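# Close look at the chain arrangement
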Amino acid sequence: MAIYLPGTQEEQELALDELTPREIVSELDKYVVGQNAAKRAVAIALRNRMRRQKLAPELAEEIMPKNIIMIGPTGVGKTEIARRLARLANSPFLKVEASKFTEVGYVGRDVESIVRDLVEIAIDMVREERLEEVEDKAELNAEERLLDLLFPPTQQSSPSASLALGTGDGERGTDSQSRTREKLRQQLREGKLDERTVELDVRERSMPAFEIISNQGVEEMDINIKDMLPNIFGQRTKKRKMKVSEAFEYLIQEEEQRLIDMDQVTRTAVERVEQSGIVFLDEIDKIAGREGGHGPDVSREGVQRDILPIVEGTTVNTRYGMVRTDHILFIAAGAFHVSKPSDLIPELQGRFPIRVELQSLTIEDFIKILTEPKSSLVKQYTALLETEGLKLEFTRDALDEVAHFAFRVNESTENIGARRLHTIMERVLDEISFAAPEMAKDNKDKVVVDSDYVKKMVADIAKDQDLSRYIL
């Protein structure tokens, strides 16, 4: 699904630092078919980001990212290129639709929420990385706590108690305790104690019902609710009985939270947003418009003017502190069927110096999309049906037929690009997917889909344009 770079964060950065623009394009080729111009543009943008980090801080501060506008119809790979680039770079990535925002003063989302959402995504990313780092230690700590519950160390059996009583066998008592504990540890690891019940203190998570009414965002309110109501937020605990397996999972989560320094996570996340964040601003053509006096164009230009400071570089107030947007990479995209990039306000145009046009997909592209990417549609459907014990096989002429159908339906109805393949493949495999469990029970472990079968499932619908508009 994603491009995972091996090892620690430092090793990931090292591996990424060694990727040339040509190698970045090669990585993107594994997931997106064609569109070389767009891939080259984002590869250069990513490489420039790496180059900037090697410069002296004074000069690096002055070098702004070269934002990109991708122009092309829906379903040709615009979003996928940006998303795969972010995964390759291990960068916080946010996709937003420009048409969802409204001018300041209107009801709707304000553009600063882009940065706030990006910070939340970055915090989740960094937290997941820290969880992986402390996973082993958290399990060990949880195991020790669980053993304490299963075999509580009593004062009477402790070495000091034995010596105080003059029994002289404190060492033997300790050895016996240790052996018993290790025996329990072995049984715990083998799952033999999973059904046993233990009682432990569980934090209450109940929250009081209250409502804050304000015309400001929570981030802008100069209050800290947790400080105002210190006794309300989940500090109380209660005794609860649960099975050992459930208790182990709970204790692991508790230990993970204890081992992770959330202040450090927040600082790292904010820095990652500021230095390597990527925002994909979709449907930017929907807000393209200049002042015309009245009508929707006025509101569109207002949204553009609100977006402008974020793209130019400003400081946004979030609940985690101030976040600068100077070095966030913005990739905008739109079909631009009705409008054109020059319809954007000049200031915004100037902040997107790189323009790339993505081409409509051909029949050959459709065939490649079906088979070549790591997570191609054919591989996905084959893997899904293999879970039923059914082996699915497509002949070459079947794939040609699916590609031709997708291309023709796109031409005759609405061009939705590669997304058309999903609807046609669902139609082709409708009967097989429905009957797969019964077919497996009847010892039919292989199904071959050829061109005749594809025609049988799709041809009648494809011929009727009115019907194909609804079904395909």
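Definitions and cut-offs
- Residues numbered from 1 in each chain as written.
- Predicted model: local features only at pLDDT ≥ 70, side-chain atom pairs only at ≥ 80, totals over all residues.
- Heavy atoms only, no water.
- Helix = DSSP H or I, 4+ residues; strand = E, 2+ residues; numbered from the N terminus.
- Axes fitted to C-alpha atoms, helices over the stretch in contact; angles between N-to-C directions.
- Parallel < 35°, antiparallel > 145°, perpendicular 65-115°, else oblique.
- Left-handed = near helix turned anticlockwise from the far one by under 90°.
- Contact = heavy atoms within 4.5 Å.
- Nonpolar A, V, L, I, M, F, W, Y, C, P; charged D, E, K, R; others polar.
- Expected span 1.5 Å × (residues − 1).
- Buried < 20%, exposed > 50% of the residue type's maximum accessible area, 1.4 Å probe, protein only.
- Patch = residues over 30% accessible without salt bridge, like charges linked within 9 Å, V, L, I, M, F, W, Y side chains within 5 Å.
- Areas by Shrake-Rupley, 256 points an atom, 1.4 Å probe, with all protein chains shown as cover.
- Salt bridge = Lys/Arg side-chain N within 4 Å of Asp/Glu carboxyl O.
- Lys, Arg positive; Asp, Glu negative; His and termini not counted.
- Charge placed at Lys NZ, Arg CZ, Asp CG, Glu CD.
- Core = buried A, V, L, I, M, F, W, Y, C linked by side-chain atoms within 4.5 Å.

## Details of unusual backbone geometry
You will see that Asn-90, though not glycine, has its phi angle at about 55 degrees, which is positive. Residue position: Asn-90 is located in the loop between α5 (78-89) and β2 (93-97). Notably, Phe-336 is not glycine yet its phi reads approximately 55 degrees, a positive angle. Tracing the sequence through the fold places Phe-336 in the loop between β8 (329-334) and α13 (346-350).

## Some words on the packing of helix α3 (residues 36-53) against α5
The description of two packed helices rests on the angle between their axes and on the distance between the axes. Relative to each other, α3 and α5 sit at 30 degrees, their axes nearing to 11 Å. Comparing the axis directions of α3 and α5 gives the class roughly parallel. Between α3 and α5 lies a crossing of right-handed hand. Packed against α3, whose contacting residues are Ala-38, Lys-39, Val-42 and Leu-46, the element α5 presents Ile-81, Leu-85, Leu-88 and Ala-89 at the interface. Along the lines of polarity and charge, the residues of the contact of α3 with α5 split into seven nonpolar, no polar and one charged.

## Description of helix α10 (residues 244-259)
A rise of 1.5 Å per residue sets the reference length of α10, with its 16 residues, at 22 Å; its end C-alpha atoms lie 22 Å apart and thus fit the reference within 8%. What α10 keeps buried is the set Val-244, Ala-247, Tyr-250, Leu-251, Ile-252, Glu-254, Glu-255 and Glu-256.

## Section: a negative patch on the surface
There is a patch of like negative charges on the surface, built from Asp-124, Glu-128, Glu-132, Glu-135, Asp-136, Glu-139 and Glu-249. The element best represented in the negative patch is helix α6 (residues 113-150), accounting for six residues. Residue placement: Glu-249 occurs in helix α10. Looking at Glu-249, the relative accessible area reads 47%, which means it is partly exposed.

## Brief notes about the pattern of salt bridges
Counted by the stated rule, this structure contains 30 salt bridges. For Glu-133, the salt bridge identified is with Arg-130, shortest N-O distance 3.7 Å. With Glu-133 and Arg-130 both in helix α6, this residue pair falls three residues apart, about one helical turn. For Arg-130, a relative accessible area of 15% corresponds to the buried category.

## Quick word on the nonpolar core
Grouped together as the largest cluster of nonpolar side chains are 66 residues, with contacts concentrated most on Met-70, Ile-331 and Val-449. A per-element tally of this core places α3 first, with seven residues. Apart from the residues lying within four places of it in its own chain, the contact partners of Ile-331 are Val-42, Ile-68, Met-70, Ala-82, Leu-85, Ile-278, Val-279, Phe-280 and Leu-281. Counting residues in each nonpolar core, the second largest holds 41 residues, with Leu-94, Val-126, Ile-284 and Leu-308 among its members.

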